[in-house]
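This is what each chain is made of:
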Amino acid sequence: MTSQNHDNIGGSGRFVRQSLEELESYFLDASYNPDHYISCDGESQGMQFPAQTYEQHCRVDSSIASGSYSFYNSPSAVSFSSNGSSSTQPDCVSDTNNSIYDTCLSVSRACSLDCENDLENKLGELRPLQPILGPDSRVVGAGCQFSVEPQLSKEAMEIIQRKNLKEMLVACAKSVADNDLFTSELFMSELRLMVSVCGEPLQRLGAYMLEGLVARLASSGSSIYKALRCKEPTSPELLSYMHLLYEICPYFKFGYLSANGAIAEAMKNETRIHIIDFQIAQGSQWITLIQALATRPGGPPQMRITGVDDPVSAYARGGGLEIVGQRLSGLAKSCGVPFEFHGLAISGCDLETLRITDRLLRMVKNLSPKVVTLVEQESNTNTAPFVLRFIETLEYYLAIFESIDVALSRENKERINVEQHCLARDIVNVIACEGPERVERHELLEKWRRRFAMAGFAPFPLSSFVNSTIKNLLKNYSGSYRLVEGDGCLYLGWMNRTLVASCAWI
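Residues numbered from 1 in each chain as written. Predicted model: local features only at pLDDT ≥ 70, side-chain atom pairs only at ≥ 80, totals over all residues. Heavy atoms only, no water.

Draft legend 1. The pattern of salt bridges, seen in detail. Throughout the structure, instances matching the rule amount to 19 salt bridges. Where Glu-247 meets Lys-253, a salt bridge forms, and the shortest distance between an N and an O atom there is 3.7 Å. Of the residues examined, Lys-253 reaches a relative accessible area of 14% and is grouped as buried. The salt bridge partner of Arg-389 is Glu-434, with a shortest N-O separation of 2.5 Å. (Salt bridge = Lys/Arg side-chain N within 4 Å of Asp/Glu carboxyl O. Buried < 20%, exposed > 50% of the residue type's maximum accessible area, 1.4 Å probe, protein only.)

This is the structure:
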C-alpha cells in the first residue's frame, strides 16, 4: 500500500526478480492493490511541466515510453563496420579479425560448396556412362543436363545493373527468404560497395540492414554477437548517446508529454496515485510528473511507482532498479512529494511475450486502473512475414535516419555512435532473428484498439492541452515533423511517415 504519511520511503523499496507467472500473481494479489492504479507513459493536463532538460536528476531512458510499451529498448548495441571491414571500426573484431560480412559469408559459401559437393558426388555416378562435356561443368546423359553452377536470373542481373540501393536491399531480402545463397551473396557483394555509415540516410540504414541479412543468411541470429567480440560502449557512453538522441529528436519527449498529460488529467482529484510502469528503463519520464504534482493546489498526492524492467537494461543504467528508485526518491523528497518505489525484474523474453499478447491487457484490466496509456512505434514488425517485415523496417527507419540527418551532420562522430548503439541493434534484431530471440516486435495502433476494446477498455481522448503542449515542443525542431490527431489519439511523424502513436484508455 502507498505510504500514509509524507515521509519519503523510496529508498527502502523492494527489488524482486519475477517470472512471468509470478509477475501476474504479484499484480493480481488483492492485498497488494492500492486505491488507484495507472499503467502508463508521458505529460500533464492543466499543469505546467518544466521545459528544461533534467540532467541533474536522471539520465535519458533507452525506451521512448517508460510505460507499457517501448520505442528504443536496447541496453546495448553491436558495433558495425561501414563496408564490411573491421578496419573501419577497430573496436569490433571477430575471432579471426574478419568482419561480420567475412565471417557470415564464409559460412554461407561453405554451405553452398557443401551443396555443390553433394551434387558432384551424385553426378559422379553418371561419369562412367557420360563424359563431362566442355569447360562449363555440364554432365549430359539420357537427354538430361545437370548444371553444377547456379544461374543468376535476368531479373537479378537487371537489379544489379540499375544499382538502386533500396531496390537491391529488398531483392536481397527476398533471395535470403528463398534461401537462394548464390543470388544473396552476389547482392551482398554489390551492397557492400553501396552502403556506408557516413553516407546519406539510406546508405547508413542500408549498412545495418545488410548486417541483419548477413546474420540471417548464416542462421546465426542474435548468436552472431557472441562470435563477434565487439566492444560495447561503457554505461556513461551509452547513456550519453541516448541523451543526444533524446535532444535532437522529439520522439522521447512526445511519448512522455502525451502519456503524463493523460495521467495528470485522470488523476487530478486523487490523493493517492500508483503507477505501474512496464518498461521503466531510467525512470526519466516521471521527473516532470513528480515536479508537476508537487505544485498541485491543496498539496501533492501520495505517489507510488512499481517499475517492471528487463534486467539487461541494468547495463545502460550502470546498475539495477535500485538506481531508478534512489534517483526518483531523491527528486520526490526535494519536491515534497510522499513517494514509494518498488522494482520488479523479469526476463526480456517474458516481458516481450507479455507485452504483445492480450494477456497483459487482461491482467491490467483486473487491476481496475483509472487510466492506461500506450505509446508505441507505428510499425508492423510482430506478425508480418519476413520480406514484408524487412520492407516495413526499411521504410520506418529511413524516416528516423532522415530526421537525424537534419539535426546532425553526416561527418559527426556522435551521430554515428547514436545510430550504431541506439538504433542499429534493434534493426538487426528485427531482420536477423526469429522466435524468442526476436524481441523487437511492434504493432500498429489499429490492432491495439481492437485489443483494448476486447479487453473491456474505452478510449480516453487526449486533451487539447496535451495537443497544444506538443505543438509548442515541435517548434524547436524541423518543420518536417508533423502532429496528427485522430479518434482521441496523437500521432507523431516525419514528413509522410507516421512513427509514434500515443493513446489512453479507461
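Draft legend 2. Main features of helix H12 (residues 321-335). Counted at 1.5 Å a residue, the expected span for H12 with its 15 residues is 21 Å, and the 21 Å between its end C-alpha atoms agrees. When H12 is considered as a whole, its buried residues turn out to be Leu-321, Val-324, Gly-325, Arg-327, Leu-328, Ser-329, Leu-331 and Ala-332. Positioned one or two residues after H12, Gly-336 has a phi angle of 75°, which is positive. (Helix = DSSP H or I, 4+ residues; strand = E, 2+ residues; numbered from the N terminus. Expected span 1.5 Å × (residues − 1).)

Draft legend 3. Geometry of the nonpolar core. Counting residues in hydrophobic clusters, the biggest one holds 100 residues, and the most contacted among them are Leu-213, Trp-286, Ile-290, Met-303, Ile-305, Phe-390 and Ile-400. In terms of residue count, helix H15 (residues 386-407) provides more of this core than any other element does, 11 residues in total. Residues within four places of Ile-290 in sequence aside, it is in contact with Met-303, Leu-328, Leu-331, Ala-332, Cys-335, Val-337 and Phe-339. Val-308, Trp-448, Phe-457 and Trp-505 belong to the second-largest nonpolar core, a separate cluster that totals 22 residues. (Core = buried A, V, L, I, M, F, W, Y, C linked by side-chain atoms within 4.5 Å. Contact = heavy atoms within 4.5 Å.)

Draft legend 4. Main features of the side chain of Arg-441. Summarising the element assignment, Arg-441 is placed in the loop between helix H16 (413-432) and helix H17 (445-454). Among buried Asp, Glu, Lys and Arg side chains, Arg-441 stands out as unpaired, with Glu-434 the closest opposite charge at 5.2 Å. (Lys, Arg positive; Asp, Glu negative; His and termini not counted.)

Draft legend 5. Representation of the pairing of strand S9 (residues 302-309) within the structure. Within S9, eight of the eight residues are buried, which leaves the element mostly enclosed by the surrounding structure. Of the two faces of S9, both are covered, the one formed by Gln-302, Arg-304, Thr-306 and Val-308 as well as the one formed by Met-303, Ile-305, Gly-307 and Asp-309. Traced from strand S8 (residues 272-277) through helix H10 (residues 286-294) to S9, the parallel crossover comes out right-handed. Examined bridge by bridge, S9 and strand S10 (residues 339-345) share seven bridges and lie parallel to one another. When the bridges of S10 are listed, Val-308 appears paired with Leu-344. (Right-handed = clockwise from strand over helix to strand, strands pointing away. Pairing = 2+ DSSP bridges.)

Draft legend 6. Examining the environment of Leu-388 more closely. Mapping Leu-388 onto the fold places it in helix H15. For Leu-388, a relative accessible area of 52% gives the class exposed. Note: C-alpha distance between Leu-388 and Ala-173 (215 residues apart in sequence) is 9.6 Å.

Draft legend 7. Fine view of unusual backbone geometry. For Ser-368, which is not glycine, the phi dihedral falls at a positive 55°. Within the secondary structure, Ser-368 sits in the loop between helix H14 (358-365) and strand S11 (371-377). Given a relative accessible area of 56%, Ser-368 falls into the exposed group.

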